[in-house]
Every structure is written in structure tokens, then in C-alpha cells.
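Descriptive structure summary
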Amino acid sequence: MWFDSGRVCLDLLATFAPRRDTEGIRDGDELRLWLVGAGLVPDRTPLGRVGPDWVGAFRELRRDVESLVRAELHGAAPDGDALARVNAAAAGPPPGLCAVRDQEGHLVRELCGAVECAGLLAAIARDAVELLTDPGDRALLRACEGEGCARVYLDTSRGHRRRWCSSEVCGNRERVARHRRRVLAAGSS
């Protein structure tokens, strides 16, 4: 389920594949895994209250961020309601961070206080606001050209010519398809 797009708000978008109708956050356990994988919460953070209400809230934020990012990619005006909801979420306080010693005496990152859904949503919404208002990052925003893939990422490659979300997955599929087309064309001549 993990995909590194270059921004946590875009990583959230990757949890749903609309063309395949694949939901990556079906329940609280999958949301917990994503929160840890995305780096929003340290691995040992207790997330006891994660339930259907959290899942619904993250899906709603994902839908709004998706709407805003797609509008940006297509040069369209953003949906005003989606923008208002993302701005409202971004206005909330994100979780606080603390440095604590682990069993070996090394400093590790932990979240201070109770982990609340609104705080985690605020962190993602702020990331979306930063992305959408930063001309440099907006210029790097790309949609995967792989057939059937709807992932969005920041193109930080040299020369900014990256075409796929993943060279190993979508890029490989495209290369295999191109090879098959060449073989079929050579066989029919």
C-alpha cells in the first residue's frame, strides 16, 4: 500500500486507485499502517482510537485534496467547497513532536500527548496547502502516464522528464507492452 510520491498529501492520494476501484484504507488497521508508513506517526505510537470515524475523515480529506490536485494538473479552477474544507483542516494544530530516549539511550521522535484525528488531518492538509501554493513544487507535479494508473507525484528527477510513478511497476509495464508491440509488428511483416 505504500507509495512515496514526494509529499505526504500525495501519498494519501495513492491509497485509492480509482481506475481499479482499489481502496487502500478499508479499516482502522490499514489506516494505522499508512500513518506509520507515511511518517506521520512513529512506529511505536499507540493509536487505540483509530476506527471507522477516522477512516471516513481521512477518505474525505483524500477526496478533497485529490480534487484540488487534479484541478491544478489540468489548469482548472479549484472546487471552492473542497478548498474550504482543506483550509479548515489545515487551520487546526498538528500533533506536537518530542525527542525522547529509547532503551539504548538514543534520541527518537515521539508525538507529545494524545494522538487526535484532527491533528493528523491538519498535518496532511497543511502539506496540501504548501504544495498547492508553492510555485516550485506545483511545477514538479505530475500524473503517471502508465495505462490504468492515476497516481500523482513530484518529479524531482534530473531534467524533470519522469513519466511514471514507478519505473519498476508502471515503467516496466510500459516497456513490456512496447516490446510486445514490436514483436507483433515484426511477426506480421
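So, here's what we can say about the structure. (Residues numbered from 1 in each chain as written. Predicted model: local features only at pLDDT ≥ 70, side-chain atom pairs only at ≥ 80, totals over all residues. Heavy atoms only, no water.)

1. Let's talk about helix H3 (residues 52-73)
Three- or four-residue spacings in an α-helix give side chains the same orientation, since the helix completes a turn every 3.6 residues. The end-to-end C-alpha separation of H3 is 31 Å, in line with the 32 Å expected for 22 residues at 1.5 Å each. Listed as buried for H3 are Trp54, Val55, Phe58, Leu61, Arg62, Asp64, Val65, Leu68, Val69, Arg70 and Ala71. Immediately downstream of H3, the backbone of Gly75 shows phi near 70 degrees, a positive value. (Helix = DSSP H or I, 4+ residues; strand = E, 2+ residues; numbered from the N terminus. Expected span 1.5 Å × (residues − 1). Buried < 20%, exposed > 50% of the residue type's maximum accessible area, 1.4 Å probe, protein only.)

2. Section: the nonpolar core
In this structure, Leu10, Leu31, Trp34, Leu35, Trp54, Phe58 and Val69 are the most contacted members of the largest nonpolar core, which totals 38 residues. Discounting chain neighbours no more than four positions away, the residues touching Phe58 are Leu12, Leu31, Trp34, Leu35, Cys117, Leu120, Leu121 and Ile124. The next biggest cluster of nonpolar side chains, apart from the first, holds six residues, and it includes Cys149, Tyr153, Cys165 and Cys170. (Core = buried A, V, L, I, M, F, W, Y, C linked by side-chain atoms within 4.5 Å. Contact = heavy atoms within 4.5 Å.)

3. Description of the environment of Thr45
Among the secondary structure elements, Thr45 is positioned in the loop between helix H2 (28-37) and H3. The spacing of Thr45 and Cys112 is 67 residues in sequence and 10.0 Å in space, taken between C-alpha atoms. Those residues in contact with Thr45 that lie beyond four places of it in its chain are Leu111 and Val115. Within the structure, the side chain of Thr45 is placed 2.9 Å from the backbone oxygen of Pro42, a separation counted as a polar contact. (Polar contact = N/O pair within 3.5 Å; in protein donor to acceptor, adjacent residues only side chain to side chain.)

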